Amino acid sequence: MNPKLGQLRQKAMALPLQPGVYIMKDRRGEIIYIGKAKKLKNRVSQYFGSQNNHTEKVRRMVENVDDFEYIITDSEFECLILECSLIKQHTPKYNILLKDDKGYSYIRVSNEEWRRLSYVLQKADDGARYIGPYKSSYYVKVSVEEANKIFGLPTCSRKFPEDFGRYRPCLNFHIKQCCAPCTGKVKLKDYNERVESALSYLSGDSSGMLKTLQERMTKAAEALDFESAARYRDQIAAMKKLRDRQKVVDIRLDELDVIAIAKEQNKGCATVLRFADSRLYDTESFIVDDVDDDVDFRSQFILRYYTLRSEIPSHIILDGEIEYAENTGLWLSEKKGKRVYIGVPQRGVQKNLVDMCRKNAYEALGQQRGVTGRQLSVLDELKNLLGLDKLPEYIESYDISNLAGADNVAGMVVFENARPLKSAYRKFKIKSFSGQDDYGSMAEVLTRRLDEYKKAQEEGISDGFGRLPDLILLDGGKGQVGAVMPVIAASGLSIPVFGMVKDDHHRTRAIVGSGGEIALRPNRAAFTFVTGIQDEVHRYAIGFNRQQRKKILGSSLEEIPGIGRKRAKELMRYFRTIKNISNASVEELEQAPGMTHPAAVSVYNYFHTD
């Protein structure tokens, strides 16, 4: 703990109840954090009070604070502007900082006989032709990829004409995205025509290019050059298809930025989709460490991002609330020179854009851990649906299985990052009672599971039972949840527990918690995910129950003279059930693998002693 905590708190309590900026410094006098407050005394004194309510990031920062300074401002608006300016100037360690690596991009046309088109971030002195610069690397990358596909230009590493005829055409040729000059059957004149058409397309004159291609197709058809006419037809179709696809992101605003965040553990990602002239022209993603609170992360990101950007749109839509929303809007409006609108859409096209932006944020975050954005996105949807404090990365699910009150067993399945973790699956035999009691069985299983956790902690084991789940899902309703909650409470642990409820057709219908049912169907991704969990745990528990019954039945056959474990197993495999074995004749019993006449007689007599 910081030895100067009491002294710092005493100094903080003497601060005025006015808006201002506070500057935290370490022992070397270096600035480590800059923040703003509506009331300096209330805000700063919170840092040096009880550390139990602070996040890990704040606790680490407070540990390193040796002193602080403050600047009083006349208004909250001035406070926000001053904070942005000071952070940009000092780049403190514990503030959210964004590296402005936004350079210029170029379209590169290689200097060779068979020219290639590519996108690069820097010009090189290699004799190639460079078109640009362009501010948006996303725009250049997507445009070059589209041009290469539409006009069938190669993107492989083969060299022409050296590699003519040496290789078979790749998949791109078969899906009509490459003219395959590697075959040696493409004329250089025709190839250069494709390159020039691609360059014309990249110049932005797509309508003019369509008209030119239409004229070439007509001319080729009149000259009975049907092969060329078909090629032009395919290029026209590809351009029209691309143009139609772009209409999906059309909006009725000339300028718009869409901002959404994704968070996993303490790492966050903020993604920005930028629109101009009603079309997406750029996208950026920023990965940030030590992220705790969503609202704080979103708020700080917007201030840092637009401190680095000179282009401010007239509209900004977000995926959630921010602090100082009104003052942030005033600051952006002042920077732009006209009104900037900030909003959080609840429905419609803009809400769809926010959802798309959040999926991109999760995709960028997932790439760092080898997890797909879809998996993180469904976990985020489940987190919001259930009101969880953090992403349920590690989920345990339980189901009870028995046959008319006999052979009581339970199955536990585990999902990590929305994928089954089969090495962590576990099976339980119910020991504390006999007969059918699903509630009692569920309580016993969770008691034993949490006891195993305590043992693992004592032994220093952090995986398997030594890892606590972020969420527990039970196959059942309020009764199962009610039976388990006292067990969780008695353990002193805090684990969210919900039940998975099925309808009359045995399909997942809703999730139930202590507060009642939560409908799943409107949340399609979460519905599919939870249904998959419920189906998997049900399959696993029933499979274990069947194994147990077979073992019991097999052991009863071993009581018959002349029948050992191997013959008992073969009989069960051949006849499927004990009833079939008891009804079989001696001749039928002899047909089973490994059976002899004396053994068949012994089995027959066992079931027909009367």
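Going by the structure above, here's the rest.
Residues numbered from 1 in each chain as written. Predicted model: local features only at pLDDT ≥ 70, side-chain atom pairs only at ≥ 80, totals over all residues. Heavy atoms only, no water.

1. Section: helix 11 (residues 325-336)
At step 1: Compared with the 16 Å implied by 1.5 Å per residue over 12 residues, the 16 Å span of helix 11 between its first and last C-alpha is a close match.
At step 2: For helix 11, the full list of buried residues reads Asn 327, Thr 328, Gly 329, Trp 331, Leu 332 and Ser 333.
At step 3: In the core, the buried residues of helix 11 are packed alongside helix 4 (76-90), helix 10 (294-308), strand 10 (315-318) and strand 11 (341-343).
At step 4: Once helix 11 finishes, Gly 337 follows within two positions and takes phi at roughly 95°, a positive value. (Helix = DSSP H or I, 4+ residues; strand = E, 2+ residues; numbered from the N terminus. Expected span 1.5 Å × (residues − 1). Buried < 20%, exposed > 50% of the residue type's maximum accessible area, 1.4 Å probe, protein only. Contact = heavy atoms within 4.5 Å.)

2. Comments concerning the packing of helix 4 against helix 11
At step 1: Remark: helix 4 packs on helix 11, axes separated minimally by 9 Å, with the N-to-C direction vectors making an angle of 65°. Considering the relative orientation of helix 4 and helix 11, their crossing is right-handed. Across the interface between the two elements, Glu 76, Phe 77, Leu 80, Ile 81 and Cys 84 from helix 4 touch Asn 327, Thr 328, Leu 330, Trp 331 and Glu 334 from helix 11.
At step 2: Of the residues belonging to the contact of helix 4 with helix 11, the class tally is six nonpolar, two polar and two charged. (Axes fitted to C-alpha atoms, helices over the stretch in contact; angles between N-to-C directions. Left-handed = near helix turned anticlockwise from the far one by under 90°. Nonpolar A, V, L, I, M, F, W, Y, C, P; charged D, E, K, R; others polar.)

3. Observations concerning empty space enclosed by the protein
At step 1: Using the criterion set out here, one finds two cavities of 30 Å³ or more in the structure.
At step 2: Its boundaries defined by the atoms lining it, the largest cavity holds a volume of some 50 Å³.
At step 3: Forming the walls of the largest cavity are Pro 154, Cys 156, Arg 158, Phe 160, Pro 169, Cys 170, Phe 173, Cys 178, Ala 180, Pro 181 and Cys 182.
At step 4: Residues that form the lining of the largest cavity fall into these classes: 10 nonpolar, no polar and one charged.
At step 5: Looking at the second largest cavity, its volume works out to about 30 Å³. (1 Å grid on protein atoms, 1.4 Å probe; cavity = no way out; pocket = protein on both sides within 12 Å on 5 of 7 lines; lining within 4 Å. Points joined across faces, edges and corners; volume = space filled by probe spheres on them.)

4. Quick word on the environment of Met 500
At step 1: One can find Met 500 in strand 17 (residues 497-502).
At step 2: With 22 residues separating them along the chain, Met 500 and Lys 478 place their C-alpha atoms 9.3 Å apart.
At step 3: The contact partners of Met 500, leaving out residues within four places of it in the chain, are Ser 397, Leu 473, Leu 474, Asp 475, Gly 476, Ala 510, Val 530, Ile 533, Gln 534 and Val 537.

5. Brief notes about the pairing of strand 18 (residues 508-513)
At step 1: For strand 18, a buried count of five out of six residues is recorded, marking the element as mostly surrounded by other parts of the structure.
At step 2: Relative to strand 18, strand 17 is paired through four bridges, and the arrangement is antiparallel. Counterpart to Met 500 in the pairing with strand 18 is Ile 511.
At step 3: Examined bridge by bridge, strand 18 and strand 19 (residues 516-519) share four bridges and lie antiparallel to one another. The partner of Ile 511 across the bridge, within strand 19, is Ile 518.
At step 4: The antiparallel pairing of strand 18 with strand 19 creates a hairpin that spans two residues between the two strands. (Pairing = 2+ DSSP bridges.)

6. Thoughts on the sheet that holds strand 10
Each strand in a sheet pairs with its neighbour through backbone hydrogen bonds, running either in the same direction (parallel) or in the opposite one (antiparallel).
At step 1: If you walk across this open sheet you meet the five strands as 9-8-7-10-11, and the pairing is mixed. Among the strands making up the open sheet, the edge pair consists of strand 9 (279-288) and strand 11. Each strand of the sheet is rotated relative to its neighbour by a mean of 15°, with strand direction disregarded.
At step 2: Sheet topology note: the strand 7 (residues 255-264)/strand 8 (residues 267-276) ladder contains 10 bridges and is antiparallel. Residue pairing across strands places Val 258 opposite Leu 273, the latter belonging to strand 8.
At step 3: Sheet contacts for helix 10: strand 7, strand 8, strand 9 and strand 10; angle to strand 7, the most-contacted strand, approximately 135°.

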